[in-house]
Amino acid sequence: LNPPALLSAFQRSGGDRMDEHSGAPANGRPAFERAVAAAIALAKTDGEAAGIAIIALDHLDIVNIAFGFETGDRVLTDAMAILSGVVRGVDTLARISGSKFGVVVSNCDEEKLLLACQRYRSALRDHIFETAAGPVSVTVSVAAVLAPVHASTPRQAIGNVQIALEEARRDRFR
């Protein structure tokens, strides 16, 4: 598999059904997990590492409580569109849970992964979301691992990113 094949595998896995809240493929997490598995397998055979990143919109629940679910849904939809514009075409982007998006960054090293994560965070952090309830901004947390360097299985990669994300959030919101 090469990086475009990862995206094709993602699209073939049901990516044509869309999540009405974010505009992302409706089966985002399972498809993302398959893309992580394919990226790790490729990295093990060709020696090119892959980055596994999770981007979280912090405290989206507060937006939902203060302004309503429609406003939170608009933020999710716009966030997906923004991320789609900054994720490279050879990489895989998916909404993987409530306010979290996953990205498989193909053929990268630690420096390229860091730059990609900074790009994702800046794009969302600097955006004012225009909603029916008025302008809304969100804080963003991003964490990533390099596979197979920091994780040799999909479960380990996603788990390690989740741990790193929670540590980053805990440190940030103390």
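Residues numbered from 1 in each chain as written. Predicted model: local features only at pLDDT ≥ 70, side-chain atom pairs only at ≥ 80, totals over all residues. Heavy atoms only, no water.

1. Section: the side chain of Ser-99
Put simply, the rule is: Starting at the N terminus, helices and strands are each numbered in turn, a helix being any DSSP run of H or I of at least four residues and a strand any DSSP run of E of at least two. Residues are treated as being in contact if the distance between any of their heavy atoms lies within 4.5 Å.
Assignment of secondary structure puts Ser-99 in the loop between strand S2 (92-97) and strand S3 (100-105). Residues contacting Ser-99, with those up to four places away along its chain left out, are Ile-55, Ala-56, Leu-57, Leu-60 and Leu-76.

2. Focus on helix H4 (residues 69-86)
The test is simple: Helix span, expected: 1.5 Å multiplied by one less than the number of residues in the helix. For each residue, the accessible area found with a 1.4 Å probe, counting protein chains only, is set against the maximum for its type, and the residue is called buried under 20%, exposed over 50%, and partly exposed in between.
Compared with an ideal rise of 1.5 Å per residue, which puts 18 residues at 26 Å, H4 spans 26 Å between its outermost C-alpha atoms and is within 8% of the ideal. Within the span of H4, buried status applies to Thr-71, Gly-72, Val-75, Leu-76, Asp-78, Ala-79, Met-80, Ile-82 and Leu-83.

3. Topic: helix H5 (residues 110-125)
The condition that has to hold: The term polar contact refers here to a pair of N or O atoms within 3.5 Å; inside protein, the definition further demands a hydrogen-donor-capable atom paired with an acceptor-capable atom, and it admits residues adjacent in sequence only when both atoms are side-chain atoms.
Across its 16 residues, H5 extends 22 Å between first and last C-alpha, which sits within 8% of the 22 Å expected from 1.5 Å per residue. Between the side-chain oxygen of the N-cap and the backbone nitrogen of Glu-111 there are 3.2 Å, and the N-cap of H5 in question is Asp-109.

4. So, the packing of H4 against H5
For any two helices packed against each other, the geometry is given by the interaxial angle and the distance between the axes. As a reminder, the rule being used: To obtain an axis, a line is fitted to C-alpha atoms, over the contacting stretch when the element is a helix, and the angle between two such axes runs from 0 to 180 degrees between their N-to-C directions. To sort the angles, those under 35 degrees are grouped as roughly parallel, those over 145 as roughly antiparallel, those from 65 to 115 as roughly perpendicular, and the leftovers as oblique. Each crossing gets its hand from how the near helix is turned against the far one by less than a right angle, where anticlockwise is left-handed and clockwise is right-handed. Each residue gets one of three labels, nonpolar for Ala, Val, Leu, Ile, Met, Phe, Trp, Tyr, Cys and Pro, charged for Asp, Glu, Lys and Arg, and polar for the others, Gly among them.
Two numbers describe how H4 lies on H5: the axes approach to 10 Å, and their chain directions differ by 140 degrees. The orientation of H4 with respect to H5, classified from their angle, is oblique. In the crossing of H4 with H5, the sense of the turn from one axis to the other is right-handed. Facing Ala-79, Ile-82, Leu-83 and Val-86 of H4, the residues of H5 in contact are Arg-119, Tyr-120, Ala-123 and Leu-124. Of the residues contributing to the contact of H4 with H5, the split by class is seven nonpolar, no polar and one charged.

5. What about the packing of helix H3 (residues 60-67) against H4?
Following both chains from N to C, one finds H3 and H4 inclined at 140 degrees, their axes separated by 6 Å at the closest point. Judged on the interaxial angle alone, H4 and H3 are oblique. Contacts between H3 and H4 involve Leu-60, Val-63, Asn-64 and Phe-67 from the former and Phe-69, Thr-71, Gly-72, Val-75 and Leu-76 from the latter. When its residues are assigned to classes, the contact of H3 with H4 shows six nonpolar, three polar and no charged.

6. Here's the deal with unusual backbone geometry
Following Ala-147, the chain continues into Pro-148 via a peptide bond in cis, with omega recorded as 5 degrees. Mapped onto the fold, Pro-148 is located in the loop between strand S6 (139-147) and helix H6 (154-172). The phi angle at His-59 is positive, at roughly 60 degrees, despite the residue not being glycine. Of note, His-59 is situated in the loop between strand S1 (50-58) and H3. Within the chain, Asn-107 stands out as a residue other than glycine whose phi angle is a positive 40 degrees. Within the secondary structure, Asn-107 sits in the loop between S3 and H5.

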